[in-house]
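# Fold and geometry: a report
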Amino acid sequence: MAQVHRVLGVILAGGQNRRYRGRHKALETIGGRRILDRLSSSLSPVCDETVIVANVLEAYQGSGHEVRPDRVPGQGALGGLHTAVCWAAELGCDAALVVACDMPFVPESLLRMLAKSANRAGVTVPESTSRRGFEPLCAAYGVDCEPAIAAALEAGDRAIISFFDSVPIQVLTSELVAIHGDPTVVFLNVNRPEDFDHAERIAATQR
């Protein structure tokens with residue numbers, strides 16, 4: 001598999017953020033910094049360009065990044081991923097390095113490893129302690145994955161990993177991930193107010 005030369009950084013900001021009281025999680029502040037800004041500062045040194053996929057465009061005006069909605073509305077995270085990969089291909093990039101907008105502690109060093117390990121043909125995903133065993137919303141997706149993602153959407157299978165059986169998968173082992181920090185912190189999702197409180201406590205220890 002050919003290695004990547006150009007990588008598009010993509011913050012997936014999704015739709016209405018209903019699990020977080022209707023507020024836009026990316027714009028919430030953790031440790032005095034918006035999650036959006038934390039992710040941007042980690043992605044931008046690693047990627048050729050950093051953009052945002054979001055369906056409420058006005059919320060991200062003035063962010064300093066170009067924002068686009070899902071190409072096919074109403075398809076959840078997989079629709080956002082499809083948009084990211086298509087956008088990367090349009091810009092002449094080889095892969096999209098995608099991070100969910102509610103992960104405030106993903107470090108630049110891990111994203112750099114993902115970018116360097118990425119390839120046009122498949123997915124490079126870090127191992128984790130999640131129920132899936134890996135983190136598909138902190139991963140690199142080669143632009144050649146687009147037909148497989150589109151086929152899954154056409155079939156009505158909106159699971160973020162619905163197309164994984166159709167493309168090469170490269171997993172960064174938990175040992176490699178641990179080099180960059182505690183996985184329970186690195187991959188923490190701020191989905192609920194109690195998660196926000198937990199993230200604030202973590203941020204306080206990092207100052």
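Everything below is about the structure printed above this text.
Keep in mind it's a predicted model, so treat the numbers as computed, not measured. (Residues numbered from 1 in each chain as written. Predicted model: local features only at pLDDT ≥ 70, side-chain atom pairs only at ≥ 80, totals over all residues. Heavy atoms only, no water.)

## Some points on the overall build of the chain
Using the following cut-off: Note on conventions: DSSP H or I runs of at least 4 residues are helices, E runs of at least 2 residues are strands, and numbering of each starts at the N terminus. Note on method: radius of gyration uses C-alpha positions; expected globular size equals 2.2 Å times residues raised to 0.38. Only protein chains enter the accessibility calculation, which uses a 1.4 Å probe; a residue is then buried when its area is under 20% of its type maximum, exposed when over 50%, and partly exposed in between.
Looking only at helices and strands, the chain has seven helices and nine strands in total. Taking 207 residues into account, the globule formula puts the C-alpha radius of gyration at 17 Å, and the chain, at 16 Å, falls close to it. In terms of principal-axis extent, the alpha carbons of the chain reach across some 40 × 40 × 30 Å. Split into buried and exposed, the 207 residues of the chain put 52% on the buried side.

## Topic: the side chain of Gln75
Rule in force here: Every residue pair with non-hydrogen atoms within 4.5 Å of one another is taken to be in contact.
Within the secondary structure layout, Gln75 lies in the loop between β5 (67-68) and α2 (76-90). For Gln75, a relative accessible area of 17% translates into the label buried. The residues touching Gln75, leaving out its near neighbours within four places in the chain, are Leu153 and Arg158.

## Focus on the packing of aromatic side chains
Threshold: Only Phe, Tyr and Trp rings take part, Trp by its six-membered ring, and two of them pair if their centres are within 6.5 Å. Stacked means planes under 30 degrees apart, edge-to-face means over 60, and tilted covers everything else.
One pass over the structure, following the stated rule, counts four aromatic pairs. Ring centres of Phe163 and Phe164 lie 5.1 Å apart, and the angle between their planes is 75°; on these two criteria the pair is classed as edge-to-face. Each member of the pair, Phe163 as well as Phe164, is classed as buried. Chaining the aromatic ring pairs together yields one cluster made of Phe134, Tyr141, Phe163 and Phe164.

## Describing the pairing of strand β6 (residues 95-100)
Test applied: Whether two strands pair depends on DSSP finding at least two bridges between them.
Of all six residues making up β6, six are buried, and the element is well covered by its neighbours. Here β6 shows a buried face lined by Ala95, Leu97 and Val99 and a second buried face lined by Ala96, Val98 and Ala100. As paired elements, strand β1 (residues 7-14) and β6 share six bridges and run parallel to each other. Each bridged residue has a counterpart across the sheet, and for Ile11 the counterpart in β6 is Val99. Bridging between β6 and strand β8 (residues 138-142) involves five bridges; their strand directions are antiparallel. When the sheet's bridge partners are listed, Leu97 is paired in β8 with Ala140.

## A word on the nonpolar core
As a reminder, the rule being used: Put simply, a nonpolar core is a bunch of buried Ala, Val, Leu, Ile, Met, Phe, Trp, Tyr and Cys residues held in one set by side-chain atoms that sit within 4.5 Å of each other.
One finds Ile52, Tyr60, Leu97, Phe105 and Leu111 to be the most contacted residues of the largest nonpolar core, which totals 41 residues. Only β1, α1 (35-43), β4 (49-54), β6, α3 (108-117), β8, α6 (183-186) and α7 (193-206) provide two or more residues apiece to this core. If sequence neighbours within four positions are ignored, Tyr60 has contacts with Ala13, His24, Ala26, Leu27, Leu36, Ile52, Ala54 and Val67. Counting residues in hydrophobic clusters, the runner-up holds 29 residues, among them Leu12, Ala96, Cys145 and Ile160.

## Brief notes about the sheet that holds β6
Applicable threshold: Here an angle of 0 to 180 degrees is reported between the N-to-C directions of two axes, which are lines fitted to C-alpha atoms, with helices fitted over the stretch in contact.
On the basis of which strands lie adjacent, the open sheet formed by seven strands has the order β5-β4-β1-β6-β8-β7-β9 and mixed pairing. Looking along the sheet, the strands with just one partner apiece sit at the ends: β5 and β9 (169-172). Across the sheet, α2 touches β1, β4, β5, β6 and β8, and the angle it forms with β1 is around 155°.

## Re α1
Burial analysis of α1 places seven of its nine residues in the buried class, which makes it a mostly covered element. Where α1 is concerned, the buried positions are Ile35, Leu36, Arg38, Leu39, Ser40, Ser42 and Leu43.

## Focus on the environment of Arg192
Mapped onto the fold, Arg192 is located in the loop between α6 and α7. The exposure class of Arg192 is partly exposed, given its relative accessible area of 42%. Here the alpha-carbon distance between Arg192 and Ala100, two residues 92 residues apart in the chain, equals 15 Å.

## Concerning the pattern of salt bridges
Threshold: Just to be clear on terms, a salt bridge is a Lys or Arg side-chain nitrogen sitting within 4 Å of an Asp or Glu carboxyl oxygen.
In total, this model carries ten salt bridges according to the counting rule given. For Arg192, the salt bridge identified is with Glu194, shortest N-O distance 3.8 Å. Taking the relative accessible area as the measure of exposure, Glu194 reaches 47% and is therefore partly exposed. Here the salt bridges do not stand alone but share partners, grouping Glu66, Arg68 and Glu90 into one network.

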